[in-house]
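# Survey of secondary and tertiary structure
Read off the chains here:
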Amino acid sequence: MLSDTMLQQMNEQVKHEMASAYLYLSMAAHFESVNLSGLASWMRVQAGEEQEHALKFFDHILDRGGKVSLQAIGQPPVDFTTPLAVFEKVLAHEQQVTALIHKLYALAVQEADYASQLFLAWFVTEQVEEEKNASTIVETLKLIGDKSNAIYQLDHQLGKRAAD
Ligand code: MG
């Protein structure tokens with residue numbers, strides 16, 4: 001059984017992961033609208049992964065005999081500017097998600113909830129990867145500056161990201 005606090009926090013995390021999916025889908029729409037279809041495709045794959053993350057929490061709640069209580073998701077931003085600004089937003093967002101995961105892990109440690117600790121360990125590792133991916137793209141975009149050839153090259157390269 002999950003504690004009441006853990007149950008509530010995990011239901012919140014389902015929402016946060018779905019909100020991440022929504023944010024990245026909105027970014028995908030933006031990139032499509034400015035003909036950066038590779039970046040749009042990268043964002044769609046990212047949005048799909050976030051939905052999978054939400055479902056991992058969903059399943060963990062059910063596996064532990066808890067009640068899933070889906071929360072309302074806020075509207076994501078709809079107006080974006082440069083690819084650099086968008087990916088800086090991605091990085092900042094993932095850093096916030098990391099903080100949420102760490103808070104959940106700390107709660108699991110405090111409650112001696114070993115099953116949740118093992119479950120959350122996957123997310124701790126995943127967040128290292130998420131932050132690394134976002135910051136690598138941010139750094140690349142900084143190097144590129146406003147050289148449009150290089151932006152199209154990056155667009156082509158990131159468009160190759162496949163769902164895993
Ligand atoms: Mg996630």
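This section reports on the structure supplied with the text. Not measured: the values here are computed from a predicted model.

Calculation criteria
Residues numbered from 1 in each chain as written. Predicted model: local features only at pLDDT ≥ 70, side-chain atom pairs only at ≥ 80, totals over all residues. Heavy atoms only, no water. Phe/Tyr/Trp six-rings, centres within 6.5 Å; stacked < 30°, edge-to-face > 60°. Helix = DSSP H or I, 4+ residues; strand = E, 2+ residues; numbered from the N terminus. Buried < 20%, exposed > 50% of the residue type's maximum accessible area, 1.4 Å probe, protein only. Lys NZ or Arg CZ within 6 Å of the ring centre and 35° of its normal. Donors = N, O, S within 2.8 Å, 3.2 Å for Na, K, Ca; no water. Salt bridge = Lys/Arg side-chain N within 4 Å of Asp/Glu carboxyl O. Axes fitted to C-alpha atoms, helices over the stretch in contact; angles between N-to-C directions. Parallel < 35°, antiparallel > 145°, perpendicular 65-115°, else oblique. Left-handed = near helix turned anticlockwise from the far one by under 90°. Contact = heavy atoms within 4.5 Å.

## What about the packing of aromatic side chains?
- According to the stated counting rule, one finds six aromatic pairs in the structure shown.
- Geometrically, the ring pair formed by tryptophan 42 and phenylalanine 87 is edge-to-face, given 5.3 Å between the ring centres and 65 degrees between the ring planes. Linking tryptophan 42 in helix 2 (residues 37-63) with phenylalanine 87 in helix 3 (residues 83-110), this pair joins segments that are 45 residues apart in sequence. Take tryptophan 42 and phenylalanine 87: they sit in the same class, and that class is buried.
- Measuring from centroid to centroid gives 5.1 Å for phenylalanine 57 and phenylalanine 119, while their planes differ by 90 degrees, and the two rings are edge-to-face. In this pair, phenylalanine 57 is assigned in helix 2 and phenylalanine 119 in helix 4 (residues 114-144), connecting sequence segments 62 residues apart. When sorted by exposure, phenylalanine 57 lands in the same class as phenylalanine 119, which is buried.
- By the ring-pair criterion, three or more aromatic residues cluster together here, those being Phe57, Phe119, Trp122 and Phe123.
- Over the face of the ring belonging to tryptophan 122 we find lysine 56, whose NZ or CZ atom lies 4.2 Å from the ring centre.
- The side chain of arginine 161 reaches across the aromatic face of tryptophan 42, ending 4.5 Å from its centre.

## What about the coordination of the magnesium ion?
- Within the protein, the atoms that donate to the magnesium ion are Glu17 (OE), Glu50 (OE) and His53 (ND1), at distances of 2.1 to 2.2 Å.
- Mapped onto the sequence, the residues coordinating the magnesium ion show the spacing E-x32-E-x2-H. Taken as a pair, glutamate 17 in helix 1 (residues 4-33) and glutamate 50 in helix 2 lie far apart in primary sequence, 33 residues in all. For the pair glutamate 17 and glutamate 50, one class covers both residues: buried.

## Considerations on the pattern of salt bridges
- Taken as a whole, this structure holds five salt bridges when the rule is applied.
- The salt bridge partner of glutamate 12 is lysine 15, with a shortest N-O separation of 3.2 Å. Of this pair, glutamate 12 and lysine 15 both sit in helix 1, three residues apart, which is roughly one turn of that helix.
- By relative accessible area, glutamate 12 is classed as partly exposed at 21%.
- Overall, lysine 15 belongs to the partly exposed group, its relative accessible area being 22%.

## What about the packing of helix 3 against helix 4?
- As a packed pair, helix 3 and helix 4 sit with axes 9 Å apart at the nearest point and diverge in direction by 160 degrees. With respect to helix 4, the axis of helix 3 lies roughly antiparallel. Between helix 3 and helix 4 the crossing geometry is left-handed.

## So, the packing of helix 1 against helix 4
- Direction vectors running N to C along helix 1 and helix 4 enclose 20 degrees, while the axes themselves pass 14 Å from each other. Comparing their axes, helix 4 and helix 1 come out roughly parallel. The handedness of the crossing between helix 1 and helix 4 comes out as left-handed. Where helix 1 approaches helix 4, its residues Met6, Met10 and Glu17 are matched on the opposing element by Ser116, Phe119, Leu120 and Phe123.

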